[in-house]
Amino acid sequence: MKYLFVFLAFIFLGLGIIGIYLPILPTTPFLLLSAACFTRGSEKFNNWFINTKIYKLNIEPIFEKRGMPMKRKIKILAMITLLFSIGLIFMKNIYIKALLMIILLIHYYFIVVKIKTNEEEI
């Protein structure tokens, strides 16, 4: 079972890293799943993961309920908005445009409302 958890952890980690660059994929849930699988699969890999920059920037503030600096929120929302706008401009199907808008609004809701804003820069 431990090998399965480690395998899944690396799959989720890969999806989370891809999600950093493709805003359609949610980064944080995949990284949370990865952390949970590393915890159950291998102490060695778990220690490695919690010392990575990806973990410290994306997961640690959530576990410690520190929030995210406003500057980082603005950067994330600007990138998401830019990429989704490109999709909305070139997409012909109205249903897919509507789906993209819903996903964009969900991103805004979670980043603006659900994630606490703090003053410290990570």
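Residues numbered from 1 in each chain as written. Predicted model: local features only at pLDDT ≥ 70, side-chain atom pairs only at ≥ 80, totals over all residues. Heavy atoms only, no water.

Draft legend 1. Region of the structure containing the nonpolar core. By size, the foremost hydrophobic cluster in this structure holds eleven residues: Ala 9, Phe 12, Leu 13, Phe 30, Leu 31, Ala 35, Cys 37, Phe 38, Phe 49, Tyr 55 and Ile 59. Among the secondary structure elements, those contributing two or more residues to this core are helix H1 (2-21) and helix H2 (27-41). Sorting elements by how many residues they give to this core places H2 first, with five residues. Once you skip the residues sitting within four places of it in the chain, Ile 59 turns out to touch Thr 28, Leu 31, Leu 32 and Ile 54. Among the nonpolar cores identified, the runner-up in size contains seven residues, and Ile 80, Phe 84, Leu 88 and Ile 111 belong to it. (Core = buried A, V, L, I, M, F, W, Y, C linked by side-chain atoms within 4.5 Å. Buried < 20%, exposed > 50% of the residue type's maximum accessible area, 1.4 Å probe, protein only. Helix = DSSP H or I, 4+ residues; strand = E, 2+ residues; numbered from the N terminus. Contact = heavy atoms within 4.5 Å.)

Draft legend 2. Geometry of helix H7 (residues 94-114). For H7, built from 21 residues, the straight-helix expectation of 30 Å at 1.5 Å per residue is met to within 8% by its first-to-last C-alpha distance of 29 Å. Inspection of H7 places Leu 100, Leu 104, His 107 and Ile 111 among the buried residues, and these make up the whole buried set. Seen from one end, H7 has its buried residues packed into an arc of 55°, which puts them on one side. Of the exposed residues in H7, the ones pointing more than 90 degrees away from its buried face are Ile 94, Tyr 95, Leu 105, Val 113 and Lys 114. (Expected span 1.5 Å × (residues − 1). Arc of directions from axis to C-beta.)

Draft legend 3. Geometry of the packing of helix H6 (residues 70-90) against H7. In the contact formed by H6 and H7, the axes pass within 10 Å of each other and the chain directions differ by 175°. Taken together, the axes of H6 and H7 are roughly antiparallel relative to one another. Residues Lys 73, Ile 76, Leu 77, Ile 80, Thr 81, Phe 84, Gly 87 and Leu 88 of H6 lie in contact with H7, whose contacting residues are Lys 97, Leu 100, Met 101, Ile 103, Leu 104, His 107, Tyr 108, Ile 111 and Val 112. A breakdown of the residues in the contact of H6 with H7 according to their chemical character gives twelve nonpolar, three polar and two charged. (Axes fitted to C-alpha atoms, helices over the stretch in contact; angles between N-to-C directions. Parallel < 35°, antiparallel > 145°, perpendicular 65-115°, else oblique. Nonpolar A, V, L, I, M, F, W, Y, C, P; charged D, E, K, R; others polar.)

Draft legend 4. Quick look at the side chain of Asn 118. As for its placement among the helices and strands, Asn 118 is situated in strand E2 (residues 117-118). Aside from chain neighbours lying at most four places away, what touches Asn 118 is Arg 66, Gly 67, Met 68, Pro 69 and Met 70.

Draft legend 5. Spatial organisation of the packing of aromatic side chains. Applying the stated rule across the entire model yields ten aromatic pairs. Centre to centre, the rings of Phe 38 and Trp 48 are 6.1 Å apart; their planes meet at 80°, and the pair counts as edge-to-face. Linking Phe 38 in helix H2 with Trp 48 in helix H3 (residues 43-50), this pair joins segments that are ten residues apart in sequence. Since its relative accessible area comes to 0%, Phe 38 is described here as buried. Judged by relative accessible area, which is 43%, Trp 48 ranks as partly exposed. (Phe/Tyr/Trp six-rings, centres within 6.5 Å; stacked < 30°, edge-to-face > 60°.)

Draft legend 6. Seen up close, the packing of H1 against H2. Where H1 contacts H2, the axes come no closer than 7 Å and their chain directions differ by 160°. Put simply, H1 runs roughly antiparallel to H2. The chirality of how H1 crosses H2 is left-handed. Taken together, the residues of H2 that come into contact with H1 (itself represented by Lys 2, Phe 5, Val 6, Leu 8, Ala 9, Phe 10, Phe 12, Leu 13, Leu 15, Gly 16, Gly 19 and Ile 20) are Thr 27, Phe 30, Leu 31, Leu 33, Ser 34, Cys 37, Phe 38, Arg 40 and Gly 41. Of the residues assigned to the contact of H1 with H2, the class counts are 14 nonpolar, five polar and two charged. (Left-handed = near helix turned anticlockwise from the far one by under 90°.)

That is the geometry; function is a separate question.
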